[in-house]
Amino acid sequence: ENSPAPLPERAIYGFALFLGSWFGFILYLIWAYVPETWLFSLGLTYWPQKYWAVALPVYLLVAVGIGYVLLFGINMMSTAPLNSTHTITDNFAKKQQQKKFQEEAIPALRDIPISEVNRMFFLPGK
Amino acid sequence: MAEERRFLSASGVPIALRRRQHSASCRELAVRGPRLQLRSLSAATSAVWLAAYGLFALSENSMVLSAAIFITLIGLIIYLHFVKIDQESLLVIGSLGIQVTSSYASGKESTTFIEMGHVKDVVINEAIHMQKVIYYLCILLQDPEDPQGVSEVVPLFQSSKPRLDCLIEVYKSCQEILEQRKTAPQSS
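What counts and how
- Residues numbered from 1 in each chain as written.
- Chains lettered and ligands numbered in written order.
- Predicted model: local features only at pLDDT ≥ 70, side-chain atom pairs only at ≥ 80, totals over all residues.
- Heavy atoms only, no water.
- Axes fitted to C-alpha atoms, helices over the stretch in contact; angles between N-to-C directions.
- Helix = DSSP H or I, 4+ residues; strand = E, 2+ residues; numbered from the N terminus.
- Parallel < 35°, antiparallel > 145°, perpendicular 65-115°, else oblique.
- Contact = heavy atoms within 4.5 Å.
- Nonpolar A, V, L, I, M, F, W, Y, C, P; charged D, E, K, R; others polar.
- Buried < 20%, exposed > 50% of the residue type's maximum accessible area, 1.4 Å probe, protein only.
- Pairing = 2+ DSSP bridges.
- UniProt positions renumbered as here; feature names shortened; annotations may be inferred.
- Patch = residues over 30% accessible without salt bridge, like charges linked within 9 Å, V, L, I, M, F, W, Y side chains within 5 Å.
- Areas by Shrake-Rupley, 256 points an atom, 1.4 Å probe, with all protein chains shown as cover.
- Salt bridge = Lys/Arg side-chain N within 4 Å of Asp/Glu carboxyl O.

1. Re the packing of helix H1 (residues 8–33) of chain A against helix H3 (residues 51–78) of chain A
Residues and elements named next belong to chain A.
Then, in step 1: Taken N-terminus to C-terminus, the directions of H1 and H3 make an angle of 125°; their axes are 8 Å apart at the nearest point. What the angle tells us is that H1 and H3 run oblique. Residues Tyr28, Trp31 and Ala32 of H1 lie in contact with H3, whose contacting residues are Trp52, Ala53 and Pro57.
Then, in step 2: Residues that form the contact of H1 with H3 fall into these classes: six nonpolar, no polar and no charged.

2. Topic: the environment of Thr183 of chain B
Residue and element names in this part refer to chain B.
Then, in step 1: Within the secondary structure, Thr183 is located in helix H3 (residues 164–183).
Then, in step 2: Looking at Thr183, the relative accessible area reads 68%, which means it is exposed.
Then, in step 3: Sequence spacing of Thr183 and Ala51 is 132 residues, and the spatial spacing of their C-alpha atoms is 64 Å.

3. Topic: the sheet that holds strand S7 (residues 119–129) of chain B
Residue and element names in this part refer to chain B.
Then, in step 1: Ordered by their spatial adjacency, three strands build an open sheet running S7-S8-S9, and the pairing between neighbours is antiparallel. Both outer strands of the open sheet, S7 and strand S9 (152–155), are each paired with one neighbouring strand and no more. Adjacent strand axes in the sheet meet at a mean angle of 40°, parallel and antiparallel pairs treated alike.
Then, in step 2: Bridge count between strand S8 (residues 132–141) and S9: four bridges; the pairing is antiparallel. Its bridge partner lying in S9, Ile139 is registered against Val154.
Then, in step 3: Sheet contacts for H3: S7 and S8; angle to S7, the most-contacted strand, approximately 160°.

4. Considerations on the UniProt feature "domain: PIG-P" (unreviewed entry) in chain A
Then, in step 1: With numbering matched to this structure, UniProt assigns "domain: PIG-P" (unreviewed entry) to residues 10–122 of chain A.
Then, in step 2: Taken end to end, residues 10–122 of chain A comprises 63% helix and 0% strand; its first and last C-alpha atoms sit 58 Å apart.

5. Quick notes on the pairing of strand S4 (residues 85–93) of chain B
All names here are of chain B.
Then, in step 1: Burial within S4 is extensive, with seven of its nine residues counted as buried.
Then, in step 2: Here seven bridges tie strand S3 (residues 26–32) to S4, and the two strands are oriented antiparallel to one another. Across the sheet, the residue bridging to Val31 is Glu88, located in S4.
Then, in step 3: Here S4 pairs with strand S5 (residues 97–104) via eight bridges, running antiparallel. If you follow Leu90 over to S5, its bridge partner there is Val100.
Then, in step 4: Taking the residues between adjacent antiparallel strands as the criterion, S4 and S5 are bridged by three residues.

6. Quick notes on the environment of Gln180 of chain B
All names here are of chain B.
Then, in step 1: Its place among the elements puts Gln180 in helix H3.
Then, in step 2: We classify Gln180 as partly exposed; its relative accessible area is 32%.
Then, in step 3: Along the backbone, Gln180 and Ser25 are 155 residues apart, and their C-alpha atoms lie at a distance of 7.9 Å.

7. Focus on a nonpolar patch on the surface
All names here are of chain B.
Then, in step 1: A cluster of nonpolar side chains, Leu36, Val48, Trp49, Ile69, Phe70, Leu73, Ile74, Ile78, Tyr79, Phe82 and Val83, forms an exposed patch at the surface whose accessible area comes to about 1000 Å².
Then, in step 2: Counting only elements with at least two residues in the nonpolar patch, the list comes to helix H1 (38–59) and helix H2 (63–83).
Then, in step 3: Counting residues per element, the nonpolar patch draws most heavily on H2, at eight residues.
Then, in step 4: Tracing the chain through its elements places Leu73 in helix H2.

Below is the structure:
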């Protein structure tokens with residue numbers, strides 16, 4: 001079954017990821033800083049342009065910044081407008097079953113219609 | 001008989017609620033917002049004209065000044081006629097229906113009538129609106145064939161946005177009229 005406990009397989013995955021990420025980082029530093037002529041003299045000629053060593057991190061950071069604004073905007077767009085019925089009810093409330101009222105028992109949980117809630121709050125003595 | 005009470009809107013500007021009882025089953029509730037202030041009008045006009053003068057000083061093109069005057073005039077007319085709502089009123093007639101009227105600053109009035117067969121209830125609902133949760137009054141409409149379900153929600157007093165104390169007054173007045181249609185059902 002699925003459990004969040006530390007298992008031996010997970011320890012091995014973690015160590016492999018740790019080594020892999022260090023290797024990727026050292027490779028990125030070599031590609032960005034070592035001059036092209038030295039790499040050519042070693043026979044490694046098929047590298048992407050060094051322009052991308054600067055461009056990709058910049059793209060990533062700008063995307064993170066835009067992501068903040070985008071998430072805020074998506075939230076505002078998904079908020080139901082004031083004239084939509086989603087502020088009053090939804091499918092679960094429409095299809096709920098009424099349980100029978102039993103004496104001396106706590107009434108069952110249900111979605112109370114908004115008219116009834118309003119009467120209870122705002123009309124005194126009802 | 002008419003009575004007027006002062007309240008605050010959701011953004012803090014003072015509004016006035018006027019209640020008139022025309023008959024036992026007919027009531028009119030009107031919410032009036034503040035008029036267009038001379039100081040805000042002068043501030044906006046001066047800002048636009050200063051910006052235009054700054055542009056003229058940079059570009060030496062006198063068309064900028066005439067364009068600014070034109071824009072100010074047209075903008076003021078559009079604002080008064082389409083945007084600035086002075087008074088929103090609700091006329092509840094027990095056996096007939098509910099009429100919602102918005103009066104603009106230029107004198108234009110826009111009216112909507114909802115007949116009583118379509119009205120399920122008038123309630124105070126809370127919803128999220130622009131990073132705030134506000135109370136607003138709304139009319140729940142029903143299909144005449146399906147009296148249990150809510151087919152549409154019509155929010156009221158959208159531009160003056162009264163606070164809860166004013167809304168409770170309007171709610172109580174409307175409920176007094178709406179209750180009468182349960183005790184005295186009409187044969188249609």
